[in-house]
Amino acid sequence: MNTPTAGAPVALVTGANKGIGLETARRLVEAGYRVYLTARNPELGKRAADEVGAQFLELDVTSDASVDHGAVIVEQTDGHLDVLINNAGITGPLVEAKDYTADDATTVLLTNVVGYVRMIHAFLPLLGRSTDPRIVNVSSGLGSFGLFHDESRIESRFGSPLYGAAKAAINMLTARYARLLPHIRVNTADPGMTATDLSGGQGHSVHDGTDAIVAFALSAPGGPTGTFADRDGELPW
């Protein structure tokens, strides 16, 4: 495992004690980044951070106080942030369409959409101190209208309307932020069907699932912004 040196670029990954977030943190550490691995559970988060050589930061994306405290810690320790990876998310209930409730929608959107906005708002000042700031929003093909209307794709047949709606919102947030924040590269990555707890262990490896995330995070200055892609290339919105 590579050990980040003084002056190493700084990244933060939310929801990173397992799955895609953990693998993303691992790969960024291996690339020489100083990585803040965030999680709500301090025991699980600290163990995961130790495993990959990252710095653990307790953080709950649904809490203003928690996110603001995290930003203070990063500011006091590093003074800036080069890469923000918004990964924390939940699937919500998987039930029949008639059984989804307003409370279900609120829970999913508060974590998967409002949480992303909360993170961006809190960390924008630190990103503004980077010479090459990047935001990578982890989304899903389930939020793509283009893929939904392509009957050859699994995204057209999958249920989970609340999760899909949240990911569609993330896609639009990405496109709008990229235009409104021209000094920051903002992109959306789709891990695809990845074998994690969220997918019930089905799909490709977490390494494959993090390819697009890591590619955006490590892209050179002048790289893409306002795009939506998986490991095979750009996707339709």
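The rules behind the values
Residues numbered from 1 in each chain as written. Predicted model: local features only at pLDDT ≥ 70, side-chain atom pairs only at ≥ 80, totals over all residues. Heavy atoms only, no water. Core = buried A, V, L, I, M, F, W, Y, C linked by side-chain atoms within 4.5 Å. Buried < 20%, exposed > 50% of the residue type's maximum accessible area, 1.4 Å probe, protein only. Helix = DSSP H or I, 4+ residues; strand = E, 2+ residues; numbered from the N terminus. Pairing = 2+ DSSP bridges. Right-handed = clockwise from strand over helix to strand, strands pointing away. Salt bridge = Lys/Arg side-chain N within 4 Å of Asp/Glu carboxyl O.

Draft legend 1. Spotlight on the nonpolar core. Ranked by internal contacts, the top residues of the largest apolar core, which has 34 residues, are Leu28, Val35, Leu37, Ala54, Ile85, Val136 and Ile213. Judged by nonpolar contacts, the second largest core, of 24 residues, contains Leu81, Met119, Tyr177 and Leu181.

Draft legend 2. Inspection of the pairing of strand β1 (residues 10-13) at higher detail. Of the two faces of β1, both are covered, the one formed by Val10 and Leu12 as well as the one formed by Ala11 and Val13. Relative to strand β2 (residues 34-39), β1 runs parallel, the two sharing 4 bridges. Each residue of the ladder has a partner; that of Val13, found in β2, is Leu37. Handedness of the crossover joining β1 and β2 through helix α1 (residues 19-30) is recorded here as right-handed. The sheet contact formed by β1 and strand β4 (residues 83-86) spans 3 bridges and is parallel. Considered in β4, the bridge of Val13 is made with Ile85.

Draft legend 3. Up close: the pattern of salt bridges. In total, this model carries 13 salt bridges according to the counting rule given. With its nearest N and O atoms 3.0 Å apart, the salt bridge here joins Asp78 to Arg34. Taken together, the residues Asp78 in the loop between α3 (64-77) and β4 and Arg34 in strand β2 connect sequence positions 44 residues apart. Salt bridges linked by common partners bring Arg27, Asp208, Asp211 and Arg231 together as one network.

Function cannot be read off these values alone, since they describe shape.
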